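As a plain string of letters, each chain reads:
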Amino acid sequence: MKSQCDVDAVVVGAGFGGLYMMHLLQQQGFTAQGIERGSDVGGTWYWNRYPGCQCDVESMEYSYQFSDDLQQKWEWTQRYAGQPEILRYANHVADEFSLRDNFTFNASVNGANYDDASEIWTVSTDTGKTVTARYLIMATGCLSTTNTPDFPGLADYAGDTYHTGDWPHEGVDFTDKKIAIIGTGSSGIQAIPLIAQQAGDLTIFQRTPNYSIPAQNKPLSPEKQAEIKANYAEFRARGKMSPAAFGADFAFNPSSVFDATPEERKARFEEFWNYGGFNFLAAFGDLSMNMEANEFACEFVRGKIREIVKDPETAELLCPDTVLGCKRLCSDNGYFEAFNQPNVHLVDVSTHPIDRLTAKGLITNGKEYEFDAIIFATGYDALTGSLLKCNITGSNGLTLADKWAAGPTNYLGLMTTGFPNMFTITGPGSPSALANLITGIEQHAEFITQLIQWSQKRGYTRIEAEQVAEDNWVNTVNTRAAATLYPTCNSWYLGANVPGKPRVFMPYVGFPDYSEKLKSVVVEDYAEFRFS
Ligand code: N01
């Protein structure tokens, strides 16, 4: 007889992953305790409140599909929802399904230890609260641990500092202020146009220029919304068949860029640019797989940048020379246009990095720049950062930090051997951030619930992935990534943005294949898991 624990499962995180996991556990009669470091639900959409924060997946797809009642009743107002609307949606879901009461908020997990004898996880938090559970479910998100580079002199800076991923709830008034933004990823690219409108003076420090396609955001008409809702199941099914689990309405063009004449090529790129966002990569079938094909798309976007940005020197600095889509493609609302404002300046720190921060600002290339505030749009310790921060120790004293010292290894992105009964929702090794995250979350939460039920029905108390299954899966993830252009640049997918992080491509490429794999695992009675 095994020892009793406080609850069946601990769920870490109250973002979209934690909320749906909690709903399923409650629905299936499990007891569960949620732990969340924020004061409320929403996860990434709770923390990211910077001006311009908006999803790059369309609202009708970036939403739950588990409840038809929910998806029919909720009305989105924009093609791409902004952060306040998505946070309202997360709160609505929490209320509608009575999820909030099972979460403890304002508590960060600072330890999770598995005891082999009792087969129980003990989860501790910085509030002193401790919970014991049979199952530990990590819904900590892919992009939730902010990365602020360790610039020398960081503590000397006397002005205000902000990180886009941890923005003040009350907002910030930059009127007439002299502001710096470091970083030109999705967050910087979204924030810059709005901060440029408000600030007296805005200087952007760019290490690597990025490709960005206009979002072409617009109000979502009631007619369009009703049309999708009339056949929502089919629309969702189409989305799941696409490589990134979204793009049900995308105009995928399978033909090769090499089969088009220069005029046809230009016309097609123009059409996809005007459609907006990620769809641009679907303009031709070979853009994501072939470097020479991709270069046509790169040159088209560079041409757009040169057209939009009036100052030729600034335009050249903004032109990327990497593969388009290697770093996550950005979508914007007036990013390149912002550089035509007289109060906006671009400083290239690719060859002369930021040397240090000073009391008044920062120094690069021998020059000191002074600011009232510095904004770090410097991204995240993606996919693994939030898991490792929890100080997890599995079977026989093995720590997750030691196991993943050379990069994350696991089976299906769901379980890592040596950590029995611990699951990761949209963990590294799954499509995670390469796919529509809400769709991936639903898939994982449902898989985990069914797996636990399957094992309990057979009287098992311990679930673990087989080592050989994990080794094969790691190979599969690597092989798939190697067949793409993703490894050709320094992206957070590879951990390349965090100094010292192992360079390993973390997400699994291809949502539909991944879904098939999960289905076959269920059909084969979870043969590659070990139960006892
Ligand atoms: O972070 P990033 P992000 N000195 O890592 C620069 C999702 N997201 O928060 O490219 C100078 O992409 C760094 O430079 P470099 C989305 O998945 C989605 O913007 O490493 N610069 C880069 O320019 C996205 O991809 C949405 O050379 C330094 C920037 O900081 C992901 O989150 C909106 C530096 C970081 O870019 C992350 O986006 C926002 C240094 N020492 C975010 N260190 C949407 O839905 C880093 N940088 C649209």
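Residues numbered from 1 in each chain as written. Predicted model: local features only at pLDDT ≥ 70, side-chain atom pairs only at ≥ 80, totals over all residues. Heavy atoms only, no water.

Caption draft 1: Representation of the sheet that holds strand β14 (residues 361-364). Read across the open sheet, the three strands follow the order β13-β14-β15; overall the sheet is antiparallel. Where the open sheet ends on each side, the last strands, each with one partner, are β13 (354-357) and β15 (367-370). Mean inter-strand twist for the sheet, computed between neighbouring axes without regard to direction, equals 25 degrees. (Pairing = 2+ DSSP bridges. Helix = DSSP H or I, 4+ residues; strand = E, 2+ residues; numbered from the N terminus. Axes fitted to C-alpha atoms, helices over the stretch in contact; angles between N-to-C directions.)

Caption draft 2: Expanded view of helix α15 (residues 467-482). Here α15 spans 23 Å end to end across 16 residues, near enough to the 22 Å set by a 1.5 Å rise per residue. Three or more residues of α15 are buried, namely Ala469, Glu470, Trp473, Val474, Val477 and Ala481. Projected down its long axis, α15 carries its buried residues within an arc of 135 degrees, all on one side. Facing away from the buried side of α15 by over 90 degrees, the exposed positions are Val468, Thr479 and Ala482. Turning to α15, the residues buried within the fold contact α13 (400-403) and α16 (511-523). (Expected span 1.5 Å × (residues − 1). Buried < 20%, exposed > 50% of the residue type's maximum accessible area, 1.4 Å probe, protein only. Arc of directions from axis to C-beta. Contact = heavy atoms within 4.5 Å.)

Caption draft 3: Structural view of the sheet that holds strand β16 (residues 373-376). Spatially, β7-β16-β8-β9-β12 is the arrangement adopted by the five strands of the open sheet, whose pairing is parallel. Strands at the two margins of the open sheet, each flanked by one partner only, are β7 (160-163) and β12 (344-348). Pairwise comparison of adjacent strand axes, ignoring direction, gives a mean angle of 20 degrees for this sheet. Pairing between strand β8 (residues 178-182) and strand β9 (residues 201-206): five bridges, direction parallel. Its bridge partner lying in β9, Ile179 is registered against Leu202. On top of the sheet, helix α5 (residues 186-198) reaches β8, β9, β12 and β16; it is set at about 155 degrees to β9, its chief contact.

Caption draft 4: How the structure looks around the domain arrangement of the chain. The domain architecture assigned to the chain consists of domain 1 (7-145 + 382-531) and domain 2 (250-305). Each of domain 1 and domain 2 has a C-alpha centre, and these two points are 34 Å apart. At the interface, eight residues of domain 1 touch 11 residues of domain 2. Buried area between domain 1 and domain 2, summed over both chains or domains, comes out near 630 Å², and the portion from carbon and sulfur atoms is 57%. (Domains from an automatic or database assignment. Buried area = accessible area lost by both parts, 1.4 Å probe.)

Caption draft 5: Region of the structure containing the state of the cysteines. With the rule as written, the count across this model stands at one disulfide. Here Cys326 connects covalently by a disulfide to Cys489, the sulfurs 2.1 Å from one another. Where Cys326 bonds to Cys489 through sulfur, the torsion about that S-S bond is close to -105 degrees, and the disulfide is left-handed. Separated by 163 residues along the polypeptide, Cys326 in the loop between α10 (312-318) and β11 (330-332) and Cys489 in the loop between α15 and α16 bring together distant segments of the chain. On the accessibility criterion, Cys326 (1% relative accessible area) is buried. Cysteine Cys53 is unpaired, with the sulfur of Cys55 as its nearest cysteine sulfur at 8.6 Å. Sulfur of Cys390: no disulfide; nearest cysteine sulfur belongs to Cys142 and is 14 Å away. (Disulfide = S-S within 2.5 Å.)

Caption draft 6: Structural context of the site of the ligand. Close to the ligand lie 23 residues; Ser187, Arg207, Thr208, Lys327 and Arg328 are nearest. Contact between the ligand and Ser186: an oxygen atom at 3.0 Å from a main-chain N or O atom of the residue. Here an oxygen atom of the ligand and a side-chain polar atom of Arg207 are 2.8 Å apart. In isolation the ligand exposes 920 Å². Once the protein is present, 90% of that is buried. When residues of the shell around the ligand are assigned to their parent elements, the largest contribution, three residues, is made by α5. (Near = heavy atom within 4 Å. Polar contact = N/O pair within 3.5 Å; in protein donor to acceptor, adjacent residues only side chain to side chain. Areas by Shrake-Rupley, 256 points an atom, 1.4 Å probe, with all protein chains shown as cover.)

Caption draft 7: A look at the packing of aromatic side chains. Following the criterion strictly, the structure yields 50 aromatic pairs and no others. Between Tyr162 and Trp167 the ring centres are 5.4 Å apart and the planes differ by 40 degrees, which places this aromatic pair in the tilted class. By the burial criterion, Tyr162 is buried, and Trp167 matches it. With 5.8 Å between their ring centres and 55 degrees between their planes, Tyr493 and Phe505 make a pair best called tilted. Placement of the pair is Tyr493 in the loop between α15 and α16 and Phe505 in the loop between α15 and α16, with a sequence separation of 12 residues. Put simply, the rings of Phe16, Tyr20, Trp45, Tyr62, Tyr64, Phe66, Trp74, Trp76, Tyr89 and Phe97 pair up and form one aromatic cluster. (Phe/Tyr/Trp six-rings, centres within 6.5 Å; stacked < 30°, edge-to-face > 60°.)

Caption draft 8: A look at the pairing of β13. As paired strands, β13 and β14 are joined by three bridges and run antiparallel to one another. Bridging across to β14, Leu357 finds its partner in Leu362.

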